[in-house]
Amino acid sequence: MSSNYLRLFFAIELPNDLKEKIAAILKKISLPERANLTPQENLHLTLLFLGSIPINELSLITEIAEKVFSQYSAFDLYFNNITGAPSENYCRMLWLNGEDCPPLTKIKDDLETELEKNNINFEKENRSFKIHITLARFAPIKCNFKPIDFPERLRVKEVVLMESQLQKPHAVYIPLKTFPLQS
């Protein structure tokens, strides 16, 4: 990727204690051969993936995000189980699934709307927003992975704009700006 572009996404970072609980349960799960676990430091919930964005649009994106996020209060996000994804019968990932969260969906929709109004060309997804954290990736398989209960509550107090640098053995995520929600 050219140095004139940044690979960006908005994320909700996880507290270390939740990352440690996830790491502990992953040690007990029998994963497919050559599964790539998400490194503990990279565990997050992606709110909105922007893709490769010209670096000169970064300040406008930051202004838009500040405007959107300043309108929202902190909220609770609930996770319920770990499953194979995209479906329990045919999977290529392991997800920690979140429950529907209207405040989070509204924030995402408002952010997309404002970015579009300001002619920020980002990679808009054509599928519905599914709240999840990717725990592992592997070659697609027919799986009979039984859901594992993992009830957790996460208080969302901020959203972070991240840069993703694709490196080996895994991507490196760099926080660029943190946007606090109202308390």
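Residues numbered from 1 in each chain as written. Predicted model: local features only at pLDDT ≥ 70, side-chain atom pairs only at ≥ 80, totals over all residues. Heavy atoms only, no water.

### What to know about helix H3 (residues 102-117)
Note the threshold: What counts as a helix is a DSSP run of H or I of at least four residues, what counts as a strand is a run of E of at least two, and both are numbered from the N terminus. One less than the number of residues in a helix, times 1.5 Å, gives the span that helix is expected to have. With a 1.4 Å probe rolled over the protein chains alone, any residue whose accessible area is under 20% of its type maximum counts as buried; one over 50% counts as exposed, and the rest are partly exposed. Pairs of residues are marked as contacts when any of their non-hydrogen atoms sit within 4.5 Å.
With 16 residues, H3 should reach 22 Å at 1.5 Å per residue; the first-to-last C-alpha distance of 22 Å fits that figure. The complete set of buried residues in H3 reads Leu104, Ile107, Lys108, Asp110, Leu111, Glu112, Glu114 and Leu115. Tucked inside the fold, the buried residues of H3 contact strand E1 (5-13), strand E3 (44-54), helix H2 (58-69) and strand E4 (75-86). Of the residues trailing H3, asparagine 119 is marked for its positive phi of about 60°.

### Quick word on the sheet that holds strand E5 (residues 90-98)
Worth spelling out the cut-off: In this scheme, strands are said to pair when DSSP sees at least two bridges between them. Think of each axis as a best-fit line through the C-alpha atoms, taken over the contacting stretch in the case of a helix, with angles from 0 to 180 degrees between the N-to-C directions.
Strands sit in the order E2-E6-E5-E4-E7 across an open sheet of five strands; the sheet is antiparallel. Edge strands, defined here as strands with exactly one partner in the open sheet, are strand E2 (36-37) and strand E7 (148-156). Bridging between E5 and strand E6 (residues 132-142) involves seven bridges; their strand directions are antiparallel. Its bridge partner being in E6, asparagine 97 is matched across the sheet by histidine 132. Packed onto the sheet, helix H1 (residues 16-26) meets E2, E4, E5, E6 and E7 and runs at close to 165° relative to E7.

### A few points about the side chain of serine 164
Mapped onto the fold, serine 164 is located in strand E8 (residues 158-165). On the accessibility criterion, serine 164 (4% relative accessible area) is buried. Residues within four places of serine 164 in sequence aside, it is in contact with Arg7, Phe9, Ala171, Val172 and Tyr173.

### So, the pairing of E1
Bridging between E1 and E3 involves nine bridges; their strand directions are antiparallel. Its bridge partner being in E3, alanine 11 is matched across the sheet by threonine 46. Two strands pair when backbone bridges link them, and E1 and E8 are joined in this way by four bridges, in the antiparallel orientation. Bridging across to E8, leucine 8 finds its partner in glutamate 163.

### Things to note about the pattern of salt bridges
Which entries qualify depends on this criterion: The working definition used for a salt bridge is a side-chain nitrogen of Lys or Arg within 4 Å of a carboxyl oxygen of Asp or Glu.
In this structure the tally under the stated criterion is ten salt bridges. A salt bridge links lysine 67 to glutamate 114, with the shortest nitrogen-to-oxygen separation between them at 3.2 Å. Taken together, the residues lysine 67 in helix H2 and glutamate 114 in helix H3 connect sequence positions 47 residues apart. A relative accessible area of 46% means that lysine 67 is categorised as partly exposed. Of the charged contacts in the structure, one is a salt bridge between lysine 124 and glutamate 112, with a shortest N-O distance of 3.9 Å. Pair noted here: lysine 124 is in the loop between H3 and E6 and glutamate 112 is in helix H3, with a separation of twelve residues, a long-range link. Note on lysine 124: relative accessible area 41%, which makes it partly exposed. According to the relative accessible area criterion, glutamate 112 is buried, its value standing at 6%.

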